[in-house]
Structures are given as C-alpha cells and as structure tokens.
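Structural characterization, general
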Amino acid sequence: MEKHDAKPPVILWFRSDLRLHDHAGVAAALASGQPVLPVYIWDENTATRPLGAASKWWLHRSLAALGSDLRGRGSRLIIERGNAQIILAGLAQEFKARTIICSHTFDPETEVHDRHLSEALADIGAELHRHNTTLLTLPNSLTTQAGQPFRVFTPFYKALQASGICDVRLNSAPVTGEWSTPDRWPQGLALEALGLEPKPTPSGKDWAAGFDGFKPGEAGARGRLRSFLKNHLKTYAEDRDRPDLDLTSHLSPHLRFGEISPQRILFETAKAVEADQELTVGADKFRAELAWREFSYGLLAQQPRLDRVNFKRDFDSFEWRDDDAGFGAWCRGETGYPMVDAGMRELWQTGYMHNRVRMVAASFLVKHLLIDWRRGEQWFWDCLLDADPANNPASWQWVAGCGADAAPYFRIFNPITQAEKFDPKGQYRARYIPGYAQDDMRLAHMKKSRDPAEKVDKSHHIPDYTQPIVDHALARERALATYKRRSDDMYRHGDEE
Ligand code: FAD
C-alpha cells in the first residue's frame, strides 16, 4: 500500500473496450510498473449519439462483468458520471498521474473530443495515450492503388488479406502486473446510479426478459466464440443465411463493446482450422464477414455522420414517403409479411435479429414502404444489443442504395420467396408468430400451386394475423419507378462514375 501511495498511478480509462485480455492499453498500463487506476466515465454530453435502450442494458452488464474481473485481480472499476475531460483532468491532478491510457473509439466525433482532452491534459503536464484495441487495422490505413480510401468491399478485402493483417499471432499468456487499487482512490458511483437498466413497460412487463440468450462480458464472449467454433464453423458458409438454424456466432454485441478482440477471434479460428481442415471453407467465410466490420469503420471515417448523411449525396433529394402508420406497423411486426414480422418481433423480444432477416426487414421498409432509411436505422439503434455506430448505418445505407458499394436499386428483396428459401419449413416464422404452425403440407401445396393468389404465404390463414399492409407486386413497381427516377436524374447530372 505504501509503495503505491508513493508512486503516481497510470489512469486506465475504459470506453468501448470492456475486457482485460488482448488489450494493448491494459498491457501498457501494467507494463508501466505503476499502480493502475481503472475508470469508466458515463459521459452523455460528449457522446456522438446517445446509446439506445438495448445497448444500455448490455453496457450495464458488461461493466458489472469488468468490475468483477478487476475485483478478482485485487482492483476495482471506478465508475464516474459527467464530463470526461473534467473528471480525467481532476483525477490526474489529484493523484499526480502523468499518463492516461485509453482505446480509440473510431467514432469521428469522439476523435475531436479526444484532441481537446489531449490538449487539456498537456496543460497540466499529463499525456493521453490511445491504442487500437477494436479493429484489425486503423480505418482507411489500407488504400486503393490511387491512394484513395476503399469504397468497394471486394478490393478492400483482397487488400486486407494481402496485407497479412489477418494472420494473427497472439500471446496467450495471462495478464500479469500490479492491479491493486489503493484505498485512498475515489469510491466512484454504484453501477445502478448510471440508470442504464430499462424502465418497466406500462403493463409492468420486463422488456428485456428475452435478452437472456446473451451473457455480456469477456467470459461470455470467449464462451460464445468457443461454442461457435466447435459447433457451427463447419457449416457456417452454407447455413449462415438460415434464420431457422440460427448458427452464426452472435459475437456482434461482444465486439461492439470490445469484450473480445477481432485478433483473438481470427487467432482462435486459425487454430481450429489447423486442428481440423474441414473447417477451412467456413473459416474463410467467417473471416470475410469480420472484414465487413472493418470496411464499415472505414466508411464511418469517410462520412462522420453516416447515420444521418447519405454516403452518396445525390440521394439527398430522394422522394421518401411520410407514412407513420406504415412505420408503426413495421416496428411492431404487423406488416402482414411473416418473414418481416418475425424479424421485427425477434428484434423486440431478444435484442437481436438474424442478418438475412435484417436485410429483408430493412429492404421492406425502404423499398416496399419507401420510408427514409434513417427512421429504420434509429429503430434498430434503439433495439439492437449490437447497435454499432459503423455497422448499423453502413448496412442501412447499403440496403437503401445510398451507401458505398450498395445493393443495386433494382434489387428488391421479395419477403415471400426469401422466406421460402431461407426458412423453408417456416420454423423461424413460427417462433415469433403465434398460430404460424409448421404446416409442411400447406407449404408444399403453395410451392406447387400455379395460382399467384395461393403463392402468397400461409399467413392469410392464421386467425388474428394482419393482412399485408401493402401488395408486394404494386410496392415493387412503385419502388422501381421511384428509384429509377432518381437514377435517371443522377445520370442526367452526370455525378456518378
Ligand atoms: P456472424 O455471421 O457470426 O459474423 C461475425 C461478425 O462479423 C459479426 O459479429 C459482426 O461483427 C461482423 N459482421 C457480420 N456481418 C456483417 C455485416 N454485414 N456488416 C458488418 N459487420 C458484419 N452488425 C452489427 O454488429 N451492428 C449493427 O448495428 C448492425 N446493424 C445492421 C443493420 C442492417 C439493416 C443489416 C442488414 C445488418 C446489420 N449488421 C449489424 C450486420 C449483421 O447483421 C450483424 O453483424 C450480424 O447479424 C451479427 O450476428 P453474428 O455476430 O452472429 O454474425
């Protein structure tokens, strides 16, 4: 104790990097030989975007897990609330700390706050040291041959593979060093004081009751990875699009809060392949999906308000429809299209939605209903446990057609055939739509039927289930016409390629 009091501490400021292993900042703090003062600051004013309700639920548990992991090492997480700059400068002055260590968030607005913080700390003789603990490589550090940031995924991924960045070698040695926290350091707040838990619904129901399929925290993330590699990597490439099988990794919220590093994921994946060559195809596909995350962060660095501003600015004059009733039906999962509705109900009940269904549901909003993608993005932002500042807006813009490397405008997901293809026995839909019994005979009949009216979906025969709020064929024509007008306009103005 005396020893620590004599030495000034290093302040280890946690943000979206809530883990202790494979963390360059943690390693640097421990290697300093000084006592480490771990702190988390709930700073609503300098956050680019207030966290959604589901993310807050996750954050609460993730902080609890980190606190417990630190206690296990004889330390504790000091929780504060308020302006991070003021709190950090105060701590640095009070305890004579010269070094504050944190991770990049790669959120462009936070980068600006970090610059100000760095200057404020320099004024009192302290330094901010930032580490990349989140991505495989710094956003846009890879460029096209012309020196431009990538805007198309495939060449980006080729460059990433060629760079050798994906061939990760990790040291699995446990974290060692001096963690103990002197008693004189601040007590901080109780986690509950941050008010991150969702309020009960007016009916008294616990909205988050269905989130229990996840285990936030570093141990939960490691467990999830182990189980995925063991049970599902082999068939990942062929079955990852099947929401009924639901065999993807579910690592997205863990990655979002930095509970596991992408390097660790790649390292463990490579080890699994080394032990069983039959995992090679699945592993290749899995690596490519992880690269989409890197690509999205590159886009966020190119367009800091990716959640608000069309990546392709010629979309600014797009004729979105005002349709509050349609938007409400979509949010509630009452569009009358079972694949869309099952997805929206999965989202509400579990805080998660399968990737294939995210694409179908998002496409339905922006193409069938012609509702501005930003409204859907915000709803996902509030409801997804993995709501990510880069992945969410980049994916929405991809679906809407205004993003980099976006789906072509004439690609309109058909919610009926998508359901037949990716949920062939209706098991996914049945999970979320009461009465949607797995009626194989009827499905088989519908598939064979030549009558287009029969080809709709068996939803029409479910008591109390809503009729489609829009006719698929008409909505498709309307979307094609609207998108084509924009496309003609674009070529008239000659502002693309
Ligand atoms: P896996 O298939 O196991 O993939 C492994 C990891 O790769 C994921 O955890 C994720 O980090 C990354 N990844 C996979 N697909 C993508 C992708 N298309 N784009 C970027 N990264 C990807 N992902 C989020 O993490 N947060 C979001 O807020 C988010 N919003 C989305 C919104 C829409 C409209 C769409 C179409 C997709 C969105 N995605 C988002 C991407 C994708 O749906 C999820 O990453 C994936 O479903 C998470 O499940 P998983 O961890 O089991 O994925």
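Residues numbered from 1 in each chain as written. Predicted model: local features only at pLDDT ≥ 70, side-chain atom pairs only at ≥ 80, totals over all residues. Heavy atoms only, no water.

**Considering the packing of helix α13 (residues 338-350) against helix α15 (residues 373-383)**
- In the contact formed by α13 and α15, the axes pass within 9 Å of each other and the chain directions differ by 35°. Residue-level inspection shows M344, L347 and W348 of α13 in contact with α15, the latter providing W379, F380 and C383.
- For the contact of α13 with α15, a count of residues per class yields 6 nonpolar, no polar and no charged. (Axes fitted to C-alpha atoms, helices over the stretch in contact; angles between N-to-C directions. Helix = DSSP H or I, 4+ residues; strand = E, 2+ residues; numbered from the N terminus. Contact = heavy atoms within 4.5 Å. Nonpolar A, V, L, I, M, F, W, Y, C, P; charged D, E, K, R; others polar.)

**A word on the packing of helix α7 (residues 218-231) against helix α10 (residues 262-275)**
- Where α7 meets α10, the axes come as close as 11 Å, and the angle between the chain directions of the two elements is 30°. On the basis of the axis angle, α7 is roughly parallel to α10. In this structure, α7 meets α10 at a crossing whose hand is right-handed. Note on element contacts: α10 touches α7 through R264, I265, E268 and T269, opposite R222, L225 and L229.
- Residues of the contact of α7 with α10, tallied by class, amount to 3 nonpolar, 1 polar and 3 charged. (Parallel < 35°, antiparallel > 145°, perpendicular 65-115°, else oblique. Left-handed = near helix turned anticlockwise from the far one by under 90°.)

**Brief notes about the pairing of strand β4 (residues 99-103)**
- With 5 of its 5 residues buried, β4 lies for the most part within the structure.
- Of the strand pairs in this sheet, strand β1 (residues 10-14) and β4 are connected by 2 bridges, and their pairing is parallel. Residue pairing across strands places L12 opposite I101, the latter belonging to β4.
- Both β4 and strand β5 (residues 127-131) contribute to a ladder of 5 bridges, which runs parallel. If you follow T99 over to β5, its bridge partner there is E127. (Buried < 20%, exposed > 50% of the residue type's maximum accessible area, 1.4 Å probe, protein only. Pairing = 2+ DSSP bridges.)

**Notes on the pattern of salt bridges**
- This model, assessed by the stated rule, comprises 30 salt bridges.
- A salt bridge links D284 to R287; the shortest N-O distance between them is 2.8 Å. Taken as a pair, D284 and R287 lie in helix α11 (residues 280-302) at a separation of 3 residues, close to a single helical turn.
- Note that E289 is salt-bridged to K285, the shortest N-O span being 3.7 Å. With E289 and K285 both in helix α11 and 4 residues apart, this pair spans about one turn of that helix.
- Because the salt bridges share partners, they merge into one network encompassing D22, R222, R264, E268 and K271. (Salt bridge = Lys/Arg side-chain N within 4 Å of Asp/Glu carboxyl O.)

**Describing unusual backbone geometry**
- One non-glycine residue with positive phi stands out, namely K96, at about 60°.
- Looking at where K96 falls in the secondary structure, it is placed in the loop between α4 (84-95) and β4.
- We classify K96 as exposed; its relative accessible area is 55%.
- Here the phi dihedral of H250 falls at roughly 60°; this positive angle occurs in a residue that is not glycine.
- Summarising the element assignment, H250 is placed in the loop between α8 (233-239) and α9 (252-256).

**Here's the deal with the environment of T235**
- Relative to the assigned elements, T235 resides in helix α8.
- Placed 68 residues apart in sequence, T235 and D167 show a C-alpha to C-alpha distance of 22 Å.
- Beyond its immediate stretch of four places on either side in the chain, T235 contacts R240 and L247.

**Side note on the packing of aromatic side chains**
- With the rule as written, the count across this model stands at 29 aromatic pairs.
- On the basis of an interplanar angle of 85° and a centroid distance of 5.1 Å, the ring pair of W57 and F211 is categorised as edge-to-face. You can see W57 sitting in helix α3 (residues 53-71) and its partner F211 sitting in the loop between α6 (153-163) and α7, a full 154 residues away along the chain.
- Measuring from centroid to centroid gives 5.6 Å for F228 and Y236, while their planes differ by 90°, and the two rings are edge-to-face.
- With relative accessibility at 2%, the residue F228 sits in the buried group.
- In this structure an aromatic cluster arises from ring pairing among W57, W58, W207, F211, F214, F257, W348, Y352 and W379.
- Across from the ring centre of W13, 4.3 Å away, lies the NZ or CZ of R15, which sits over that ring.
- One Lys or Arg, R49, reaches over the ring of W381 and ends 4.0 Å from the middle of that ring. (Phe/Tyr/Trp six-rings, centres within 6.5 Å; stacked < 30°, edge-to-face > 60°. Lys NZ or Arg CZ within 6 Å of the ring centre and 35° of its normal.)

**A closer look at the pairing of β1**
- With respect to burial, β1 is a largely interior element, 5 of its 5 residues being buried.
- The side-chain alternation of β1 yields two buried faces, one formed by V10, L12 and F14 and the other by I11 and W13.
- The β-α-β motif built from β1, the intervening helix α2 (residues 24-31) and the parallel element strand β2 (residues 36-42) has right-handed crossover chirality. (Right-handed = clockwise from strand over helix to strand, strands pointing away.)

**Section: the sheet that holds strand β3 (residues 78-81)**
- Strand order across the open sheet formed by 5 strands is β3-β2-β1-β4-β5, with parallel pairing between neighbours. Among the strands making up the open sheet, the edge pair consists of β3 and β5. Across the sheet, the mean angle separating the axes of adjacent strands is 30° when strand polarity is ignored.
- Strand direction decides the pairing type here: β1 and β2, joined by 5 bridges, are parallel. Bridge pairing in β2 places F14 opposite Y40.
- Against the sheet, α2 makes contact with β1, β2, β4 and β5, and its axis sits at roughly 165° relative to β1, the strand it touches most.
- In this fold α3 packs onto β1 and β2, with an angle of close to 170° to the strand it touches most, β2.

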